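Structure assessment
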Amino acid sequence: MGDRSGSDGAMEAWFGNLAGILDAALAPGERHASSFSAEATDFVRMNRGKVRQPGHVEQRYLRVRLIRGARHASHTLSLSGNLVDDRQAIGDAVKGLRESLAHVEDDPYLLLPDVVASSRAVREGALPAPETMVESLLDAAAGNDLVGILATGPVYRGFCSSEGQRNWHASTAFNLQWSLYHRADKAVKSSWAGFEWSDAELRARMAGAIDNLALIARPVKTLAPGTYRAFLTPTAMQEVAGLLCWGGFSGRALATEQSPLARMKGDARLDQRVGFSEDIEGGVAPAFQGEGFARPPRVPLIDAGRLVGAMVSPRTAREFKLDENGANGAESPEALAMQPGALAQKDALDALDTGLAIGNLWYLNYSDRPAGRMTGMTRFATFWVEHGKVVAPVEVMRFDDTVYRMLGSNLEALTAERELILDSDTYGGRNLASVSLPGALLSAMQFTL
Amino acid sequence: MPPLDSLLPSFDIKADFWSLRFVDETSEAFCVRRNVAQPLARATDRGAMASVYVDGGYGYAATADTSPSGLRAALERAAAWARASATLAITDSRTLPRPAPRGSYASPSLATTLPDTRGWFDLLHGLSKDAGCDPRIVDWEASVDVVHSTQRLVTSTGGDIVQRFRMVIPSVGVTAHADGITQQRSLNGQRGICQQGGTEILERFGYAGSGRRVAEEALELLASPNCPSGTMDVLLMPDQMILQIHESIGHPLELDRILGDERNFAGTSFVTPEMFGTYRYGSELLNITFDPTRPEELASYGFDDDGTRAERTYLIRKGILERPLGSAISQVRAGLPGVANSRADNWNRPPIDRMANLNLEPGNSDMNELVASIDDGVLMETNSSWSIDDSRNKFQFGCERGRVISNGKLGHVVKNPNYRGISANFWRSLALVGNDDTLRVLGSPYCGKGEPSQVIRVGHASPACVFKGVDVFGGEG
């Protein structure tokens with residue numbers, strides 16, 4: 001059903017044509033720095049163990065940035081894949097930008113790569129046809145109330161400039177997210193993403209989910225608001241880390257006191273076992289950002305509980321006299337890795353003893369951003385544990401606590417094992433971010449509702 | 001848009017029904033931050049979504065290739081998915097409507113001109129200069145986004161709709177910092193001002209003079225005490241009410257959530273099908289309409305993306321739940337009435353049940369009466385934080401600015417005002433609803449939902465409202 005010829009080189013060759021069209025469209029004194037994003041994805045949405053919306057999306061976007069002296073402007077345009085039409089569209093875009101440059105000002109914060117650093121990374125996937133994947137999934141879940149989404153097919157990122165730089169990143173992967181529902185809001189959520197599909201692995205994962213569904217089916221425990229011991233799985237930690245990625249590590253947000261970690265520029269510290277870095281080497285994001293800057297393999301952000309770095313985009317580097325480090329414009333990590341601890345995952349519930357085992361968190365937001373305080377909900381597989389044994393699922397609870405307590409004074413342990421979680425976001429297109437996180441045992445976590 | 005009349009006869013697709021939905025959207029983003037013009041960003045996004053019903057199945061295919069061969073390929077690909085999934089489909093597409101709508105829609109003042117690039121930057125430089133008026137203002141920006149969108153829906157049954165939109169989204173925001181305290185203030189929130197039309201939108205909100213006002217309020221917050229804690233009354237201003245309506249009425253009433261489609265991602269709903277017609281959602285004062293007919297409101301339109309004609313409809317009347325936000329397809333699936341709310345955020349996403357314009361109808365109380373009704377409480381304005389559970393029940397919201405109300409009088413400003421509650425109870429504590437003078441037409445360009453995910457534009461109009469006995473609290477300190 002889907003175009004699974006993701007890594008056959010056709011798209012890369014086509015991108016090369018675009019680069020040539022862009023170079024030819026320039027007038028004397030002009031430069032361009034242009035990024036490319038495309039995918040050919042089969043999305044299959046499921047509900048009640050059936051198919052709700054199956055379809056195919058083919059999209060190609062080119063962001064042309066035209067530069068003349070210190071003036072620049074950009075035009076992002078969808079492309080049809082037909083070079084004759086697209087040549088015209090690119091030409092029109094460049095012409096429009098050229099006219100606009102007459103009306104914009106010199107940009108004091110323009111920073112362009114000072115070296116040409118081309119790169120190429122292609123990762124092929126061995127994926128069956130999407131309809132086969134769906135049939136396998138629904139068959140494995142037969143008799144259960146399954147709801148979820150399959151996204152499969154190739155994703156591409158590229159960069160080209162008039163200086164001759166060419167960067168290419170292509171990967172053909174699948175991302176499967178599904179929940180098995182017991183009733184109302186009681187469910188077990190599972191995810192599986194990767195480059196190789198295996199029916200045997202799918203069946204094993206589904207069997208694990210069905211086992212957990214039996215725990216969810218137990219009578220529900222309702223907890224009063226208060227402070228409880230808590231173990232956060234890596235999947236729950238993904239939500240905490242995800243919120244911190246929203247302005248927390250941004251060089252611009254730190255420089256302008258808007259980061260929830262800004263107090264760490266002063267005396268505030270996290271627990272000395274806490275370390276965060278942008279680990280491009282260990283993730284799945286491209287090794288270049290949209291303006292053509294190379295991303296270092298690793299950017300330390302927090303080390304031994306201290307703020308030691310930030311995500312610094314080229315623009316922020318110029319504005320605040322910092323060194324750029326390959327950050328995107330939003331200065332959010334795309335491969336955040338947290339240092340593991342010493343607690344064996346298999347011993348986590350024993351170490352928790354009595355408290356909440358939180359499988360998923362949901363809808364986090366800052367309730368007092370400068371103080372690093374965040375709120376959010378428990379969701380899916382969250383259980384009350386007594387003496388290291390799961391007793392009951394709990395009614396959803398709202399937490400409201402600070403990162404300085406959760407990953408600071410109240411952090412009891414981090415697991416020795418980390419989980420690499422590929423981002424399933426599909427807003428506008430499939431994301432290529434990931435996180436690598438341990439679980440966290442907290443001596444106290446504040447629940448308010 | 002391609003000349004479809006000449007193309008349509010060539011689409012010999014073996015299908016029970018098909019449609020093509022074209023989107024042609026251009027946007028420009030102008031921004032001045034810390035008195036420096038940010039790079040001009042322009043976008044053009046053109047493509048088509050093919051939807052096909054075959055043998056009881058349904059499939060879609062999205063393409064930016066709108067040539068005859070590109071459209072035909074998309075229709076065939078959608079048909080292939082429909083055939084492949086027919087035996088697995090949750091809904092037999094033979095039971096679904098096959099609309100043949102004809103008509104058009106246009107945003108208000110579509111023909112009026114907007115400032116040129118230089119004109120926008122001049123306006124924003126003025127605002128930025130005003131906003132950056134004090135060394136304690138450490139970051140500030142003024143921006144305007146302008147979007148033109150033309151959408152056309154053509155169906156195999158002879159339907160043909162063309163809708164043309166223009167949206168203007170002005171924004172001002174500042175960050176103040178001193179002595180270890182940081183406070184943020186904006187003009188009606190992060191792009192809360194978002195309407196269809198032209199420069200009259202700027203005048204409606206006093207945009208040109210707003211930079212200094214926003215900055216002064218941020219500086220005032222720096223010197224203000226934390227919001228008090230306790231159970232008390234709240235007076236929520238429209239730029240917080242829109243969020244309250246959105247999260248704890250809009251999302252729980254989406255019929256696809258009630259049908260379970262969103263349970264793996266955005267969540268389910270505490271509302272169940274049997275509640276419609278009898279459930280008391282709020283006090284007698286609560287009247288909620290789905291209103292795509294208010295011209296300036298962001299999500300006004302003539303037809304939804306499945307071709308259903310859009311009409312003003314009560315969802316909640318005198319506090320009683322009447323009908324869900326359910327599109328024609330969801331109505332068939334659930335056996336419930338609904339509204340024209342099948343919407344996609346672009347050509348490359350299939351339509352799902354969304355909010356559009358969801359409004360709280362004004363009452364009779366003027367602002368003085370709203371304040372006078374409160375012995376012990378807080379006025380809160382401009383949403384800054386939002387979080388709610390996956391059933392859309394347990395919520396916690398924060399605002400940029402509060403003012404204490406004691407014995408019916410407005411008092412000092414407080415920072416970090418927050419409140420929490422449960423949707424199923426909260427709306428029953430609605431005690432007073434402001435009149436038309438207190439109403440503002442606002443919205444959000446950023447409502448996220450769906451698998452694959454979509455960010456859609458929604459409009460909300462609301463007066464100021466008083467709620468009794470709410471759990472209020474302040475910041476960390």
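Residues numbered from 1 in each chain as written. Chains lettered and ligands numbered in written order. Predicted model: local features only at pLDDT ≥ 70, side-chain atom pairs only at ≥ 80, totals over all residues. Heavy atoms only, no water.

A few words now on the overall build of chain B. From N to C terminus, chain B includes ten helices and 24 strands. Its C-alpha atoms give chain B principal-axis dimensions of about 70 × 55 × 35 Å. Within chain B, buried positions represent 66% of all 477 residues. Carbon and sulfur atoms provide 49% of the accessible area of chain B, an area that totals close to 15,400 Å². The distance from the centre of the 48 positive side-chain charges to the centre of the 58 negative ones in chain B is 2 Å. (Helix = DSSP H or I, 4+ residues; strand = E, 2+ residues; numbered from the N terminus. Buried < 20%, exposed > 50% of the residue type's maximum accessible area, 1.4 Å probe, protein only. Areas by Shrake-Rupley, 256 points an atom, 1.4 Å probe, with all protein chains shown as cover. Lys, Arg positive; Asp, Glu negative; His and termini not counted. Charge placed at Lys NZ, Arg CZ, Asp CG, Glu CD.)

The next thing to look at is the state of the cysteines. Residues and elements named next belong to chain B. Under the counting rule described, the total for this entry stands at zero disulfides over all chains. Not engaged in a disulfide, the cysteine Cys133 finds its nearest cysteine sulfur in Cys31; these two sulfurs lie 18 Å apart. Owing to a relative accessible area of 29%, Cys133 belongs among the partly exposed residues under this scheme. With no disulfide of its own, Cys465 has Cys399 as its nearest cysteine by sulfur position, at a separation of 13 Å. In this structure Cys465 comes out as buried when scored by relative accessible area, which is 0%. (Disulfide = S-S within 2.5 Å.)

Moving on to the confidence of the model for chain A. Averaged over all residues, the pLDDT of chain A equals 96, while 98% of them reach at least 70. Segment residues 1–7 of chain A is flagged for pLDDT under 50; beyond a separation of four residues in sequence, or across chains, it makes 28 contacts in the model. (pLDDT = per-residue confidence, 0-100. Contact = heavy atoms within 4.5 Å.)

Moving on, we get to the domain arrangement of chain A. Residues and elements named next belong to chain A. Segmentation of chain A into domains returns domain 1 (10–216) and domain 2 (226–447). A straight line from the C-alpha centre of domain 1 to that of domain 2 covers 25 Å. Taken together, the contacts link 43 residues of domain 1 with 33 residues of domain 2. Carbon and sulfur atoms supply 60% of the area that domain 1 and domain 2 bury against each other, a total of about 2,900 Å² over both sides. Its largest share of buried area at the contact with domain 2, domain 1 owes to Tyr109, Leu111 and His169, together 21% of the area lost on that side. Counting across the domain 1 and domain 2 interface gives three salt bridges. (Domains from an automatic or database assignment. Buried area = accessible area lost by both parts, 1.4 Å probe. Salt bridge = Lys/Arg side-chain N within 4 Å of Asp/Glu carboxyl O.)

Next up on the list: the pairing of strand β18 (residues 434–447) of chain A. On a regular strand, each side chain points to the face opposite its neighbour's, so the side chains alternate between the two faces of the sheet. All names here are of chain A. Of all 14 residues making up β18, twelve are buried, and the element is well covered by its neighbours. Relative to β18, strand β8 (residues 226–232) runs antiparallel, the two being bridged by six bridges. Its bridge partner lying in β18, Phe231 is registered against Leu441. Across three bridges, the pairing between strand β12 (residues 335–338) and β18 is parallel. Residue pairing across strands places Ala337 opposite Ser436, the latter belonging to β18. Taken together, the eight bridges between strand β17 (residues 411–422) and β18 define a ladder with antiparallel strand orientation. Its bridge partner lying in β18, Leu422 is registered against Ser434. (Pairing = 2+ DSSP bridges.)

Let us now look at the packing of aromatic side chains. This model, assessed by the stated rule, comprises 31 aromatic pairs over all chains. Measuring from centroid to centroid gives 5.9 Å for Trp246 of chain A and Tyr366 of chain A, while their planes differ by 25 degrees, and the two rings are stacked. Taken together, the residues span a long stretch of sequence, with Trp246 of chain A in the loop between α5 (234–245) and α6 (251–255) and Tyr366 of chain A in strand β13 (residues 355–368) at a distance of 120 residues. The exposure class of Trp246 of chain A is partly exposed, given its relative accessible area of 40%. Relative to Phe467 of chain B, the ring of Trp427 of chain B lies with its centre 5.5 Å away and its plane at 75 degrees, an arrangement referred to as edge-to-face. With Trp427 of chain B in the loop between α10 (423–426) and β21 (430–433) and Phe467 of chain B in strand β24 (residues 465–473), this pair connects stretches of sequence that are 40 residues apart. Accessibility classification places Trp427 of chain B together with Phe467 of chain B in one group, the buried group. Site record: aromatic cluster; members linked through ring pairs are Phe395, Phe397, Tyr419, Phe426, Trp427 and Phe467 of chain B. (Phe/Tyr/Trp six-rings, centres within 6.5 Å; stacked < 30°, edge-to-face > 60°.)

Looking now at the interface of chain A and chain B. Counting residues at the interface gives 89 residues for chain A and 89 residues for chain B. Summing both partners gives a buried area of about 7,500 Å² for chain A against chain B, and 47% of it is carried by carbon and sulfur. Connecting chain A to chain B are eleven salt bridges. In this structure, the salt-bridge partner of Asp400 of chain A is Arg420 of chain B, at a minimum N-O distance of 3.8 Å. If one sorts the elements of the side of chain A that touches chain B by residue count, strand β2 (residues 50–68) of chain A sits on top with eleven residues. Here strand β3 (residues 71–78) of chain A pairs with strand β3 (residues 40–54) of chain B via five bridges, running parallel. Residue pairing in the sheet places Thr76 of chain A in a bridge with Ala43 of chain B of β3 of chain B.

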